[in-house]
Amino acid sequence: MIIVMKHQANAKQVAAVVSRVENLGYRAHLSEGEERTIIGVIGDERPVDLNQLELMDGVEKVLQVLRPFKLPSREMHPQDTVVALNGVKIGGPEIVIIAGPCSVESREQLLETAHAVKEAGGAALRGGVFKPRTSPYSFQGLGEEGLQYLAEAKEATGLPIVTEAMTIEQVSLVARYADVIQIGTRNMQNFPLLSAVGESGHPVLLKRGMMSTIEEWLMAADYILSKNNPHVILCERGIRTFERATRSTTDINAIPVLKELTHLPVILDPSHSTGKSAYVRAVARAGVAAGADGLIVEVHVRPEEALSDGAQSIKPETFAELVHEAQVLSEAVGRKLAKH
Ligand code: PEP
Ligand code: MN
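The rules behind these values
- Residues numbered from 1 in each chain as written.
- Chains lettered and ligands numbered in written order.
- Predicted model: local features only at pLDDT ≥ 70, side-chain atom pairs only at ≥ 80, totals over all residues.
- Heavy atoms only, no water.
- Donors = N, O, S within 2.8 Å, 3.2 Å for Na, K, Ca; no water.
- Helix = DSSP H or I, 4+ residues; strand = E, 2+ residues; numbered from the N terminus.
- Buried < 20%, exposed > 50% of the residue type's maximum accessible area, 1.4 Å probe, protein only.
- Pairing = 2+ DSSP bridges.
- Axes fitted to C-alpha atoms, helices over the stretch in contact; angles between N-to-C directions.
- Contact = heavy atoms within 4.5 Å.
- Parallel < 35°, antiparallel > 145°, perpendicular 65-115°, else oblique.
- Left-handed = near helix turned anticlockwise from the far one by under 90°.
- Nonpolar A, V, L, I, M, F, W, Y, C, P; charged D, E, K, R; others polar.

Novice: Before we move on, could you go through the coordination of the manganese ion (ligand 2) and cite the residues and values that matter?
Specialist: Here the manganese ion (ligand 2) is held by Cys102 (SG), His272 (NE2), Glu298 (OE) and Asp309 (OD), and the distances to it run 2.1 to 2.4 Å. Mapping the donors of the manganese ion (ligand 2) onto the primary sequence yields the spacing C-x169-H-x25-E-x10-D. With a gap of 170 residues between them, Cys102 in the loop between β7 (94-100) and α3 (107-120) and His272 in helix α9 (residues 270-274) connect regions that are remote in the sequence.

Laid out in structure tokens, this is it:
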């Protein structure tokens, strides 16, 4: 349920409504927009006498939110959320390109790639150290050693770091090194992990479950937001369909759908959604044109030697072209690229 305050409602009236909501046993979630204040009523859906609330001073109307997700919804928070990562803002007017290897493989590989990403115009660096591999025999990542290389790359380039945590135990460790904690597709519905990253208060990049609907994805985001962590970025990374020509199917529709349903920033991962380096640039262009707030792209200095996802990793020179195209397209849609 949301309580829309009148345009001219004062702070005292807002405070009175908040305390009334709390006395009824609910949590009040305040969203102060330029136009008016909205108070989200969070908690069990026990009946509340709407008329009583509507009679309070300063209240314009009380609305039921019929959607199954609450805090991510536009009704609850009409203005766009901007997530800041060490100076780089996602969800504002600028489009942010995050790039780097699928996995951190060695100090040399990471530093070489980080410099190439920076030079080509990337605004943040990605690299996995805890890898959710489908086979237990595949490379599983360097763990904390990899985090140290990421810290060194950040120190050398200034690029903020995005890396994945797979378990609750890894969350505080990853938060110490990373500017954004990635939750991978396979963990999108790992509810205790979502609560843990919510409680960390750290920015989170929540990838779409490969077999999840947009509604389920937004409910997953609600697990994080409901722990009082508003710093969530959604990442479309392709879904499973009957089509086998590509690794996944890019749900480009998800971008405008999410822009309508939620205030959270939305980025696209054309690497995992296509699975083939030859298609990455084209789908990246589509993402920017469709209104994504950013891209996350796998770049490898020697894709043929990559320990994971080599087939979809592009070389730095191709990445530089991708950045240039994203720049042109972002201007065509009234935006521009963020630079670090
Ligand atoms: C990745 O980013 O390397 C990754 C494993 O992504 P996803 O969870 O989308 O498969
Ligand atoms: Mn990968």
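Novice: Explain unusual backbone geometry residue by residue, including any values.
Specialist: Trans peptide bonds make up the majority, and among non-glycine residues the majority have a negative phi. Positive phi is not limited to glycine here, since Asn86 has a value of about 50°. The residue Asn86 is located in the loop between β5 (83-85) and β6 (88-90) in this model. The class of Asn86 is partly exposed, set by a relative accessible area of 44%. Backbone geometry places Asn228, a non-glycine residue, at a positive phi of 70°. Of note, Asn228 is situated in the loop between α7 (214-225) and β12 (232-236).

Novice: Explain the sheet that holds strand β3 (residues 37-42) to me, and be specific about the residues and the numbers.
Specialist: Sheet architecture is open: four strands sit in the order β2-β3-β1-β4, paired in antiparallel fashion. Strands at the two margins of the open sheet, each flanked by one partner only, are β2 (27-32) and β4 (59-63). Averaged over all pairs of adjacent strands, the angle between their axes in this sheet comes to 20°, without regard to strand direction. On the sheet, helix α1 (residues 11-23) packs against β1 (2-5), β2, β3 and β4 and is oriented at approximately 155° with respect to β2.

Novice: So what's going on with the packing of α3 against helix α11 (residues 316-332)? Residues and values would help.
Specialist: Running from amino to carboxyl end, α3 crosses α11 at an angle of 25°, the nearest separation of the two axes being 9 Å. Judged by the angle between their axes, α3 and α11 are roughly parallel. As α3 packs across α11, the resulting crossing turns out to be right-handed. For the pair α3 and α11, contact is made by Ala116, Val117 and Ala120 and by Pro316, Phe319, Ala320 and Val323, respectively. Residues belonging to the contact of α3 with α11 are distributed by class as follows: seven nonpolar, no polar and no charged.

Novice: Explain the pairing of β3 to me, using residue names and the numbers behind them.
Specialist: Burial runs high along β3: six of the six residues are buried. Of the two faces of β3, the one holding Thr37, Ile39 and Val41 and the one holding Ile38, Gly40 and Ile42 are both buried throughout. Pairing of β1 with β3 involves three bridges; the strand directions are antiparallel. Paired with Ile2 across the strands is Gly40, a residue of β3. Across six bridges, β2 lies against β3 in antiparallel orientation. Bridge assignment links Ala28 to a residue of β3, and that residue is Val41.

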